[in-house]
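Here's the letter readout for the chains.
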Amino acid sequence: MSARTNTADGTPLYGCMGLGGGWDTTPYGPADIAHAEAAVEAALDTGITAFDHADIYRYGKSEAVFGEVLSRAAGLRERITLQTKCGIRLPEDGRPGLYDLRGPTIARRVEESLARLRTDVLDVLLLHRPDPLADPAEIAATLTSLHRQGLVRRFGVSNMSAPQIARLQAHLELPLTVNQLEMSLHRRDWVEEGVLVNTSAGAGVGYPAGTTEYCLAHGIRLQAWGALAGGRFADPEATPAGRLVAELAARKGTSPETVVLWWLQRHPAGIAPVIGTTRPARIRACRDAVARTPELSHEEWYELWTAARGAPLP
Ligand SMILES: NC(=O)c1ccc[n+]([C@@H]2O[C@H](COP(=O)([O-])OP(=O)(O)OC[C@H]3O[C@@H](n4cnc5c(N)ncnc54)[C@H](OP(=O)(O)O)[C@@H]3O)[C@@H](O)[C@H]2O)c1
């Protein structure tokens, strides 16, 4: 067993989207706070110290219950990295949802997140999705101002392609440090894109070409949302990939959850999984994804990939 040596790379975050009650505006209650407390405690026990939010999760209630947890645990804020996102507006007043990266909207959303999270500063702010109408110069000016005011330490993006990141970075002196994308053993287009070049199978891959390599080259940390694939590989009876995950877990003396996360972490981009389960036992099952360097051989990594895709590589 080898201990993880570089905790800056690939170290998981806990994703808070499941905390705060329903996806509606009904107020949260004591049971929602207790649910959040148990999840945060399990994450901390597991060695996770970075927490991922967004202003929209559960209509702001994910941030709000997390703020309650922080207010009850003296010194916790100083021990953790707090990341949130802005840029998506949920449907309201009969209008469909939309993306909004206008400067004043970003600034207002940051103020609201700080109040809900009961903190003075965000460690990381991500722009949740690209807004085709946004002006990158205006975004850059807003981010710079938030940084100068001491409200946000670092910035990143989510669900963005290499050209979109490059366009924004050209206007921004501060470095963009994160790109959060859906990546897992189930959602594999981020890696398939690179090997299906010039094949008919490649035509079906929607991932923006070169984004993984761009992030790697520019020191932009890739974070994987949906990293546990919603538990798709947890049942060894359900699929051949689930069976292989269980076999590898038994052989390595770890959990199936860890094997699924190791598959991402084994890639040289140092992908950091964002763990979204709210069940303490499942969170704790991810312990070896924090404590151990991924123990998958070259061959085992490819075996898992092939089993999950259900077809050999070209
Ligand atoms: N940037 C973005 O656009 C974006 C989008 C979505 C999410 N995110 C972030 O990424 C985090 C993780 O994403 P996610 O929640 O979609 O992905 P996930 O961790 O792959 O899936 C977790 C979900 O799957 C359920 N699940 C069922 N069986 C499971 C099992 N055996 N193991 C694990 N989970 C199981 C969980 O329910 P239980 O809670 O009952 O276990 C939970 O609802 C979110 O919390 C959020 O912070 C970001």
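In this text, all values refer to a predicted model and were calculated from it rather than measured experimentally. (Residues numbered from 1 in each chain as written. Predicted model: local features only at pLDDT ≥ 70, side-chain atom pairs only at ≥ 80, totals over all residues. Heavy atoms only, no water.)

1. Examining the packing of helix 2 (residues 61–72) against helix 4 (residues 103–117)
1) Next: Interhelical geometry of helix 2 versus helix 4 gives an angle of 45 degrees and a closest axis separation of 7 Å. With respect to each other, helix 2 and helix 4 are oriented oblique. Facing helix 2, whose interface residues are E63, A64, F66, G67 and L70, helix 4 presents S113, R116 and L117. (Axes fitted to C-alpha atoms, helices over the stretch in contact; angles between N-to-C directions. Helix = DSSP H or I, 4+ residues; strand = E, 2+ residues; numbered from the N terminus. Parallel < 35°, antiparallel > 145°, perpendicular 65-115°, else oblique. Contact = heavy atoms within 4.5 Å.)

2. Quick look at the site of the ligand
1) Next: Inspection of the region around the ligand gives 24 residues, with D52, G276, T277, T278 and R282 positioned closest.
2) Next: At a separation of 3.4 Å, an oxygen atom of the ligand approaches a polar side-chain atom of H128.
3) Next: The separation between an oxygen atom of the ligand and a polar side-chain atom of T277 is 2.5 Å.
4) Next: Contact with the protein chains covers 80% of the free accessible surface of the ligand, which is 890 Å².
5) Next: The residue makeup of the shell around the ligand, split by class, is nine nonpolar, 11 polar and four charged. (Near = heavy atom within 4 Å. Polar contact = N/O pair within 3.5 Å; in protein donor to acceptor, adjacent residues only side chain to side chain. Areas by Shrake-Rupley, 256 points an atom, 1.4 Å probe, with all protein chains shown as cover. Nonpolar A, V, L, I, M, F, W, Y, C, P; charged D, E, K, R; others polar.)

3. With respect to unusual backbone geometry
1) Next: One non-glycine residue, D93, adopts positive backbone phi at about 50 degrees.
2) Next: Along the chain, D93 turns up in the loop between strand 4 (88–89) and strand 5 (98–99).
3) Next: Residue class for D93 comes out exposed when judged on its relative accessible area of 75%.
4) Next: We note that A229 has phi near 55 degrees; this positive angle belongs to a residue other than glycine.
5) Next: Its location among the elements puts A229 in the loop between strand 9 (221–225) and helix 9 (240–252). (Buried < 20%, exposed > 50% of the residue type's maximum accessible area, 1.4 Å probe, protein only.)

4. Some remarks on the packing of aromatic side chains
1) Next: Applying the stated rule across the entire model yields nine aromatic pairs.
2) Next: Taken together, a centroid distance of 6.4 Å and an interplanar angle of 80 degrees make the contact between W23 and Y57 edge-to-face. Of this pair, W23 sits in the loop between strand 1 (13–15) and helix 1 (30–45) while Y57 sits in the loop between strand 2 (50–52) and helix 2; the two residues are 34 residues apart in sequence, bridging distant segments of the chain.
3) Next: Judged by its relative accessible area of 39%, W23 falls in the partly exposed class.
4) Next: The interplanar angle of 70 degrees and the centroid separation of 5.9 Å between the aromatic rings of W190 and W263 together place this pair among those described as edge-to-face. Here W190, found in helix 7 (residues 189–195), pairs with W263, found in helix 10 (residues 256–265); they are 73 residues apart in sequence, far enough to count as distant.
5) Next: Exposure remark for W263: the relative accessible area of 0% places this residue in the buried category.
6) Next: In textbook terms, an aromatic cluster arises when at least three aromatic residues are bridged by ring pairs, as seen for W190, W263, W301, Y302 and W305. (Phe/Tyr/Trp six-rings, centres within 6.5 Å; stacked < 30°, edge-to-face > 60°.)

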